[in-house]
Amino acid sequence: MPVINRHKTKYPGVYFIEGSAVGSKRTERIYYIRYRKNGKIFEEKAGRQFADDMTPARASRIRAEKIEGKRPSNQEKRAILDEEKKAAKNSWTIERLWEEYIENNPTLKGKKTYKSQYKLYIEKEFGTKEPYALVPLDFDRLRLRLLKTKSNQTAHHVLALLRRIINFGVKKGLCNGLKFKIQMPTVNNERTEDLSSDQLAKLLTMIEKDTH
């Protein structure tokens, strides 16, 4: 194994080694810090000279913040990330509820339309969120955004799909329901048409002639 030369700096607990810069053949300093915290000795990479704009002074400030507990150690960072990944895996987001909803309804009519609506209007804004974190303003923004370019009926269908996904999760015991009622766009599918006097006369004549 090649011997790695550690070069000291004027800052205690800060040293660097020389290596190749990322994407270049020029030499670059890679700074490391060494410190003690809670009786344990930590030795961590602080950053690269060019890629991270790292200097001995900056590395020393990072070291001081870690000793004082203002900045987590790399080991603590990894533990936090692992916990976040574990929590995300166990959380029932809208995305996970949607996937479960589709899987539990293999013969769902209009599945192609629902998938398209979810992909276009729900996934990006709501996919990573859990139902408990949603507030009325989230639905208001979605409704208003849809109504700018879509019909009341389309907006109604999208909001209804989102509500159905959440209600599915509640029914299956996967999440808690919303504590508020979603404001849905008004949809009027009825058409009223008035008859002219001639049309009304013809209709009455037809009715009189009809044996039924």
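Our subject is the structure listed above.
The notes below deal with the structure included here. Keep in mind the model is a prediction, meaning the values are calculated, not measured.

### Some words on the overall build of the protein chain
Across its full length, the protein chain carries seven helices and four strands. Element order for the protein chain, N to C, with α for helix and β for strand: β-β-β-β-α-α-α-α-α-α-α. Taking all 212 residues of the protein chain together, the buried fraction comes to 27%. Across the protein chain, contacts joining residues at least 24 apart in sequence account for 49% of those joining residues at least 6 apart.

### A few points about the packing of aromatic side chains
Within the structure shown, the criterion is met by eight aromatic pairs. Look at Tyr-35 and Phe-42: their rings are 5.3 Å apart centre to centre, the planes differ by 15°, and that puts the pair in the stacked class. The exposure class of Phe-42 is buried, given its relative accessible area of 11%. An aromatic cluster of three or more residues is present, and its members are Trp-98, Tyr-101, Tyr-118 and Phe-168. Directly above the aromatic system of Tyr-114 lies the positively charged group of Arg-164, at a separation of 5.1 Å from the ring centroid.

### A few points about helix H6 (residues 152–171)
Here H6 contains 20 residues, and its C-alpha end-to-end distance of 28 Å stays within 8% of the 28 Å for a straight helix at 1.5 Å per residue. Ala-155, Val-158, Leu-159, Ala-160, Leu-161, Leu-162, Ile-165, Ile-166, Phe-168 and Gly-169 are the residues of H6 that are buried. Contacts from the buried residues of H6 go to helix H3 (94–103), helix H4 (111–126) and helix H5 (136–149). Once H6 ends, the next one or two residues include Gly-173, with phi positive near 75°.

Criteria and cut-off values
Residues numbered from 1 in each chain as written. Predicted model: local features only at pLDDT ≥ 70, side-chain atom pairs only at ≥ 80, totals over all residues. Heavy atoms only, no water. Helix = DSSP H or I, 4+ residues; strand = E, 2+ residues; numbered from the N terminus. Buried < 20%, exposed > 50% of the residue type's maximum accessible area, 1.4 Å probe, protein only. Contact = heavy atoms within 4.5 Å. Phe/Tyr/Trp six-rings, centres within 6.5 Å; stacked < 30°, edge-to-face > 60°. Lys NZ or Arg CZ within 6 Å of the ring centre and 35° of its normal. Expected span 1.5 Å × (residues − 1).

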